[in-house]
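Survey of secondary and tertiary structure
What follows is the residue order along each chain.
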Amino acid sequence: MTYAITQTCCNDATCIAVCPVNCIHPTPDEPDFGRTEMLYIDPRSCIDCGACADACPVDAIFPADALAPGQQEYAAVNAAYYEQHAARPEPVAGPTFHPWGQPSFPRSLPSDFAPLRVAVVGTGPAGMYAAEDLLLHTNAEVTLVDRLPVAGGLVRYGVAPDHPATKRIGDTFARFHSHPRVRMYLGLDIGTDVTAEELAAHHDAVVYAVGAATDRRLGIPGEDRTGSLSATAFVAWYNAHPEVAPDAVDLSGTERVVVVGTGNVALDVARILVTDPETLAATDIADHALAALRASAVREVVLLARRGPEDASCTASELLALGKLPGVRLVVDDQDPRTWAAVEAAAPHEKAALLRGADRERVDWSGAPGPERRIVFRFHSAPEEILAGAVRVTGPDPAGTVEIPAGTVLRAVGYRGMPVTGLPFDEATGTVPHENGRVAGRPGTYVVGWIKRGPSGGIGANRTCAAETVGTLLADAVDGTLPLPAGGARAFDRLARGRAKAVVDARGLAAIERAELARGGAAGRPRVKLGTVPELVAAARGRRRLWR
């Protein structure tokens, strides 16, 4: 028996570190690492030890012969990777199973080095990987800061509620929230409550992990009409983000939704819109979103793509899962002859081949959707204008257009970083200019994650990104180029608590966790999130009357 890696793989390579026979690839030392959609286990050299499954932070690894019905293809997916790449050497005899390289400790400080005080702004995956690196490899003291009164970033507010295994990476990060060398300041906004200069003055270094908080625009007429909104806002809405109101999304009277884009976020919102609400009731989806979806008349979601199926930006695993939604039919609009030609020409390991199981249909947009629930891919079709109750898109004839009636239009064409007060900003890329994570012209200031490299890569990609940034920071410390802080930890504590209305620390965060789990238990759900800042702060302070 061999093991197989499945859909929820986060690519953070924890499994690689524990494999005794080096059968998981690509490794961080190989060129493909960070470029493949997931990691793969070589069935020819796996020795069935299960170490990778025990270490996986998102429960993505299972025995191949015990895969659930919707995951069985992943045994072949793992094997196919090695059919497309050079053969791996067989394990050698001996107690170590395979030869190891020389030990390396690239991110460390001399043993007599005084502890650094490092602030990490942002508690999503990028920030927490950076904090983890500092805490595990050095004696640094870490200050965790977040403008929201709860930690998690995109793990809490970006991962779809029907992907609970992916959310388990949050448990890995949570063990550092109460670390003895960590101080936590949630609900503290850098740039408003405390300036970037004040934060830097109380720490040896500051690492910004603020992500990409807004979305890219389409740049077409009607984009700001009622009923047109970003997928970023929609995702935040169904995940109970406190900065998105419960009534921000109106699905009443909407039978068809058009989603512009075919990335993973586009697939997420399409899937949530047509999934049986009673299935979603077993997740941590926001109460207001669940109520809206139960009352919704949405039966059809159209995914628009400017290019063909061979260029769809979603991962193969998400596309594979989309075709297995119970009670949902997957359709490819056959309006352009290039579309199905690309599907038929695709090699078995290519993404477009996964659409062969979809229905091929020339969709008539003149009428309302039928009674069934379905997702329609329309390739080689770009939006030209959002109208009242419709979206005008390019048709099969380059000179012609088609109007697709739709009550709601969601743009899912990518996230975009926002300027960070006090730091340089590149408007073209939506990132902070840097050199290996070091902010240009700001000694002691660093970036990690999407604000560093742009909105690309999943959760695990932040691990290697953080390793680079932390390595640069530590090298600067050894070289003596970090500015000396003017204030200490106690002075910053007084400053932060004096400026912010309500700072939540690790104890308060634990209280929020207990409150949400208790609400979930009472409702027969895994968790019911607190969806406003006052509710979160009240729970952190133990004021139960606001959330019972």
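Our structure's up above, just so we're on the same page.
We now turn to the structure provided with this report. (Residues numbered from 1 in each chain as written. Predicted model: local features only at pLDDT ≥ 70, side-chain atom pairs only at ≥ 80, totals over all residues. Heavy atoms only, no water.)

Here's the deal with the pattern of salt bridges
Condition: The term salt bridge refers to a pairing of a side-chain nitrogen on Lys or Arg with a carboxyl oxygen on Asp or Glu at a separation within 4 Å. Helix and strand definitions here come from DSSP, where helices need a minimum of 4 consecutive H or I residues and strands a minimum of 2 consecutive E residues; each element is numbered from the N-terminal end. Partly exposed residues are those whose accessible area sits between 20% and 50% of the maximum for their type, while under 20% is buried and over 50% is exposed, using a 1.4 Å probe and protein chains only.
Under the counting rule described, the total for this entry stands at 39 salt bridges. Close ionic contact of Glu318 with Arg271 constitutes a salt bridge, the shortest N to O distance being 3.5 Å. Taken together, the residues span a long stretch of sequence, with Glu318 in helix α13 (residues 316-322) and Arg271 in helix α10 (residues 264-274) at a distance of 47 residues. Assessed through its relative accessible area of 9%, Glu318 is described here as buried. Arg271 sits in the buried class, given a relative accessible area of 5%. Measuring nitrogen to oxygen at the nearest pair gives 2.8 Å for the salt bridge that ties Arg438 to Asp476. One end of the pair, Arg438, is in strand β22 (residues 438-439); the other, Asp476, is in helix α16 (residues 461-479), and 38 residues separate them in sequence.

Digging into the state of the cysteines
As a reminder of what qualifies: When two cysteine sulfur atoms are found within 2.5 Å, that pair is recorded as a disulfide.
Taken as a whole and judged by the stated rule, the model has 0 disulfides. Between Cys23, a cysteine without a disulfide, and Cys19, which holds the nearest cysteine sulfur, the sulfur-to-sulfur distance is 3.6 Å. Here Cys314 stays free of any disulfide, with the sulfur of Cys9 as its closest cysteine sulfur at 16 Å.

Examining the nonpolar core
Test applied: Here, the term nonpolar core denotes a set of buried Ala, Val, Leu, Ile, Met, Phe, Trp, Tyr and Cys residues that are joined through side-chain atoms within 4.5 Å.
Within the largest apolar cluster, 74 residues are counted, with the highest numbers of intra-cluster contacts made by Ile24, Ile41, Ile61 and Leu116. No other element matches helix α4 (residues 125-137), which puts 7 residues into this core.

Notes on the packing of α4 against α16
Going by this rule: For every element, the axis is a line fit to its C-alpha atoms; helices are fit only across the contacting stretch, and the angle between N-to-C directions ranges from 0 to 180 degrees. Angles are sorted into four bins: roughly parallel if under 35 degrees, roughly antiparallel if over 145, roughly perpendicular if 65 to 115, and oblique for all others. Crossing handedness: left-handed means the near helix sits turned counterclockwise from the far one by under a right angle, and right-handed means the same turn made clockwise. Contacts between residues were defined by any pair of non-hydrogen atoms, one from each residue, lying within 4.5 Å.
Running from N to C, α4 and α16 cross one another at 50°; their axes reach a closest spacing of 8 Å. Taken together, α4 and α16 sit at an angle that is classed as oblique. Handedness of the α4/α16 crossing: right-handed. Contacts between α4 and α16 pair Pro125, Ala126, Tyr129, Ala130, Asp133 and Leu134 from the former with Asn462, Arg463, Ala466, Ala467, Val470 and Leu474 from the latter.

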